[in-house]
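Examination of the molecular architecture
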Amino acid sequence: MSEIIKISSEVIGTEKTNSVNARELHQVLDIKKQFANWIDIQINSLGLEKNVDYIVYEVKGNGRPQKEYIITTDTAKHISMASRTAKGKEVRNYFIQIEKEYKTLIENPNIHELSGRVGGLTRSNNEL
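Position labels on residues start from 1 in each chain and follow its written sequence. Selection of residues for local features in this predicted model requires a pLDDT of at least 70, selection of side-chain atom pairs for listing and counting requires 80 or more, and totals for whole chains, interfaces and linings are taken over all residues. Note: side-chain values were computed over all heavy atoms of the structure, leaving out hydrogens and water.

**Digging into the overall build of the protein**
We apply this condition: Comment: elements are numbered from the N terminus, with helices defined as DSSP H or I runs of at least four residues and strands as E runs of at least two. To sort residues, take the accessible area from a 1.4 Å probe on protein chains only and compare it with the maximum for the residue type: under 20% means buried, over 50% means exposed, and anything in between is partly exposed. Residue contacts are counted whenever heavy atoms from the two residues lie within 4.5 Å of one another. We get accessible surface area from the Shrake-Rupley algorithm with a probe of 1.4 Å; when it comes to residues, only the shown protein chains can shield them.
Looking only at helices and strands, the protein has 5 helices and 4 strands in total. In the protein, the order of α-helices and β-strands from amino to carboxyl end is β-β-α-α-β-β-α-α-α. Going through the 128 residues of the protein one by one, you find that 27% of them count as buried. When contacts within the protein are restricted to residue pairs at least 6 apart in sequence, long-range pairs at least 24 apart make up 49% of them. When the accessible surface of the protein is summed, it comes to about 9,100 Å², and 48% of that surface belongs to carbon and sulfur atoms.

**A few points about the nonpolar core**
For the record, the criterion: To form a nonpolar core, buried Ala, Val, Leu, Ile, Met, Phe, Trp, Tyr and Cys residues must be joined to one another through side-chain atoms within 4.5 Å.
Within the largest apolar cluster, 19 residues are counted, with the highest numbers of intra-cluster contacts made by Leu25 and Ile71. For this core, the elements supplying multiple residues, two or more each, are α1 (22-28), α2 (35-46), β4 (66-72), α3 (73-82) and α4 (86-107). Setting aside residues no more than four positions away along its own chain, Ile71 makes contact with Ile12, Asn18, Ser19, Val20, Ala22, Leu25, Asp53, Tyr54, Ala76 and Ile79.

**Thoughts on the pattern of salt bridges**
The following threshold applies: By definition, a salt bridge exists where a carboxyl oxygen of Asp or Glu is found within 4 Å of a side-chain nitrogen of Lys or Arg.
Considering all chains together, one arrives at 5 salt bridges under this definition. Lys32 serves as the salt-bridge partner of Asp30, at 3.1 Å between the closest nitrogen and oxygen. Among the ionic pairs, Glu99 bridges to Lys77, the shortest N-O distance being 2.9 Å. In this pair, Glu99 sits in helix α4 while Lys77 sits in helix α3, placing the two residues 22 residues apart along the sequence. A relative accessible area of 27% means that Glu99 is categorised as partly exposed. Linked through salt bridges whose partners overlap, the residues forming this network are Asp74, Lys77 and Glu99.

**Topic: the side chain of Ser80**
Structurally, Ser80 can be placed in helix α3. The residues contacting Ser80, other than those within four sequence positions of it, are Leu25, Leu29, Gly88, Lys89, Val91, Arg92 and Phe95.

**Considerations on the pairing of strand β1 (residues 8-12)**
Convention followed: A pair of strands is considered paired only if DSSP assigns at least 2 bridges between the two.
Of the pairings in the sheet, the one linking β1 to strand β2 (residues 15-21) comprises 5 bridges and is antiparallel in character. The partner of Ile12 across the bridge, within β2, is Glu15. Taken together, β1 and the strand that follows it, β2, pair antiparallel across an intervening segment of 2 residues, in which Gly13 is found at a positive phi of about 75°.

**Quick look at the packing of aromatic side chains**
Aromatic ring pairs are reported here in terms of the distance separating the ring centres and the angle at which the planes meet. Rules: Centres within 6.5 Å make a pair out of two Phe, Tyr or Trp rings, where for Trp the six-membered ring is used; the pair is then stacked when the planes are under 30 degrees apart, edge-to-face when over 60, and tilted otherwise.
Applying the stated criterion across every chain yields a total of 4 aromatic pairs. Where Tyr54 meets Tyr69, the ring centres are 5.9 Å apart and the plane angle is 45°; that geometry is what we call tilted. Pair noted here: Tyr54 is in strand β3 (residues 54-59) and Tyr69 is in strand β4, with a separation of 15 residues, a long-range link. In this structure, Tyr54 and Tyr69 share a single accessibility class: buried. One aromatic cluster is present, built from ring pairs that chain together Phe35, Trp38, Tyr54 and Tyr69.

Given below as structure tokens:
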């Protein structure tokens, strides 16, 4: 599956979690409203909580500083579905597919088998 939006790992609140830049989500969803207005509407209408669902920081550029929002992938799925557009559904399905691929990778028995072999080799090496 081709990457629709960049997923990164950020600390939101006290936990490291998968997240996306809200401005990028805004662009991917092809929202016509100005970003600042759109994100305020999302936060208020969906009851999003700062340091739980998102973090915000200021970036200083050529003009005046602008706020950047990093949101959890769960929040991004929620926003995508709430947009009620075909693009919103596509983005939500993308996040779900990425999660499935990640879970499959984590639960892959070959990784556990390899780990067991490394542990066995370590024990044998220690005995020698």
